[in-house]
Amino acid sequence: MSLRFFLIEDDAVVRKMLEKIIGESGLGEVVGQAEDGLHVSIDQLYSVDVVLIDLLMPGLDGIQTMKKLRAQGFTGPFVMISQVENKEMIGQAYLHGIDTYIHKPINRYEVVSVLKRVADYLSVASSLDSIRRLLQTLEKTKQPATGPEATIEQKARQLLLVLGIAGEAGASDLLAIVRLLSEQEQQGRTIHDLPPLKELYAQIVQRIYKEEQLMQKEIRAMEQRIRRMVLQAFTHLSSLGLADYTNPTFEHFAPRLFDFEEIRLRMQELEAGEKATKCRINVKKFLTAFYMEIKGA
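Please read these numbers as outputs of a predicted model, since none were measured by experiment.

1. A few points about the nonpolar core
For soluble globular proteins, nonpolar side chains are generally found buried alongside one another.
Point 1. Residues Leu-163, Phe-258, Phe-286, Leu-287 and Phe-290 are the most contacted members of the largest nonpolar core, which totals 48 residues.
Point 2. For this core, the secondary structure elements donating two or more residues are α5 (148–162), α6 (170–186), α7 (197–205), α8 (212–243), α9 (248–257), α10 (260–271) and α11 (283–295).
Point 3. The element contributing the most residues to this core is α8, with 10 residues.
Point 4. Counting 23 residues, the second-largest nonpolar core is a separate cluster that includes Val-40, Ile-42, Ile-63 and Val-84.

2. A closer look at the packing of aromatic side chains
Point 1. Counted according to the given criterion, the structure contains 7 aromatic pairs.
Point 2. Aromatic side chains Phe-258 and Phe-286 sit 5.5 Å apart centroid to centroid with 35 degrees between the ring planes, which places their arrangement in the tilted category. Taken as a pair, Phe-258 in the loop between α9 and α10 and Phe-286 in helix α11 lie far apart in primary sequence, 28 residues in all. The two residues Phe-258 and Phe-286 agree in class, both being buried.
Point 3. By way of ring pairs, the aromatic residues Phe-234, Phe-258, Phe-286 and Phe-290 are connected into one cluster.

3. Structural notes on the environment of Glu-223
Point 1. In this fold, Glu-223 is placed in helix α8.
Point 2. Each C-alpha atom of the pair Glu-223 and Leu-197 lies 8.3 Å from the other, and the pair is 26 residues apart in sequence.
Point 3. The residues contacting Glu-223, other than those within four sequence positions of it, are Gln-72, Gly-73, Lys-198 and Tyr-201.

4. Looking at empty space enclosed by the protein
Point 1. According to the stated counting rule, one finds 1 cavity of 30 Å³ or more in the structure shown.
Point 2. Looking at the largest cavity, its volume works out to about 40 Å³.
Point 3. Forming the boundary of the largest cavity are Phe-234, Leu-257, Phe-258, Asp-259, Glu-262, Arg-280, Ile-281, Asn-282 and Lys-285.
Point 4. Here the lining of the largest cavity is built from residues that sort into 4 nonpolar, 1 polar and 4 charged.

5. As for the pairing of strand β3 (residues 50–54)
Point 1. Within β3, 5 of the 5 residues are buried, which leaves the element mostly enclosed by the surrounding structure.
Point 2. Burial along β3 is two-sided: Val-50, Leu-52 and Asp-54 facing one way and Val-51 and Ile-53 facing the other are all buried.
Point 3. With 4 bridges joining them, strand β1 (residues 3–8) and β3 adopt parallel strand pairing. Residue pairing across strands places Leu-7 opposite Leu-52, the latter belonging to β3.
Point 4. Bridge count for β3 against strand β4 (residues 78–82) is 4 bridges, and the pairing is parallel. Residue Leu-52 lies in a different strand from β4, and its bridge partner there is Val-79.
Point 5. Tracing the backbone out of β3, into helix α2 (residues 62–72) and back to the parallel element β4 gives a crossover that is right-handed.

6. As for the packing of α7 against α8
Point 1. Relative to each other, α7 and α8 sit at 120 degrees, their axes nearing to 9 Å. Compared by their axis directions, α7 and α8 come out oblique. Here the hand of the crossing between α7 and α8 comes out right-handed. Contacts between α7 and α8 pair Lys-198, Tyr-201, Ala-202, Ile-204 and Val-205 from the former with Met-215, Glu-218, Ile-219, Met-222, Glu-223 and Ile-226 from the latter.
Point 2. Here the contact of α7 with α8 is composed, by residue class, of 8 nonpolar, no polar and 3 charged.

Each value, and the rule that gives it
Residues numbered from 1 in each chain as written. Predicted model: local features only at pLDDT ≥ 70, side-chain atom pairs only at ≥ 80, totals over all residues. Heavy atoms only, no water. Core = buried A, V, L, I, M, F, W, Y, C linked by side-chain atoms within 4.5 Å. Buried < 20%, exposed > 50% of the residue type's maximum accessible area, 1.4 Å probe, protein only. Helix = DSSP H or I, 4+ residues; strand = E, 2+ residues; numbered from the N terminus. Phe/Tyr/Trp six-rings, centres within 6.5 Å; stacked < 30°, edge-to-face > 60°. Contact = heavy atoms within 4.5 Å. 1 Å grid on protein atoms, 1.4 Å probe; cavity = no way out; pocket = protein on both sides within 12 Å on 5 of 7 lines; lining within 4 Å. Points joined across faces, edges and corners; volume = space filled by probe spheres on them. Nonpolar A, V, L, I, M, F, W, Y, C, P; charged D, E, K, R; others polar. Pairing = 2+ DSSP bridges. Right-handed = clockwise from strand over helix to strand, strands pointing away. Axes fitted to C-alpha atoms, helices over the stretch in contact; angles between N-to-C directions. Parallel < 35°, antiparallel > 145°, perpendicular 65-115°, else oblique. Left-handed = near helix turned anticlockwise from the far one by under 90°.

The structure is reproduced here in structure tokens:
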């Protein structure tokens, strides 16, 4: 399983060593870096699987940075890097969300061993999620596909294929949103604009979970899955436009689902060979436009 890593570490030499070890070991690639936690936000972590973070940094330390990124919706694992031996401080780090720990000075064997365990964990979690979604799909196929909501869902699935995101984990979340909005319209509500996204996600999660803690965790996870899916659609359309500016899929969907200036910036990034993006993506605009598109509006 090839992972995408983000490094938050104030020592440039350590960042370089970690990047080299990750690349040479075949664990994945480093898609972004920062020298402190002050200037890192969820926007930089759309495509990131694992964050490696120093415990002691100027400005925001590692624990404060983790709390900030968790609050913004990042649900991936944090791997702490530090030479601190204070058990109480390390314990606090675990309480606030680190998943495992790498000691300084950096040891190649330890880095590879720890990150392989993280990769194995994520692989198992991904497999379980795939099984869960497959079982949900099989359950739905037992029900007769009749009524207007079935037609809407069929259109949604087709559009997911067109946008290159049918295989994304967030696709099942998007279909749940489509079903919810369709139900609300049948009850007489006119969908001109979506409610705040966390409110929308909460309405869906409340149908599955009753315990508040589990609900909040799943809302954050859903937010991250949808962000990644939207980023993939954004990059897919940008790639189509870069290859052929007159591509009908690009011409129709790029300006409807996204801010076109951001699409143009992403095309420039792709042309320059940049894998990560600094573009701003409006998830609410995407979800609203997606629903209106399958409604035929």
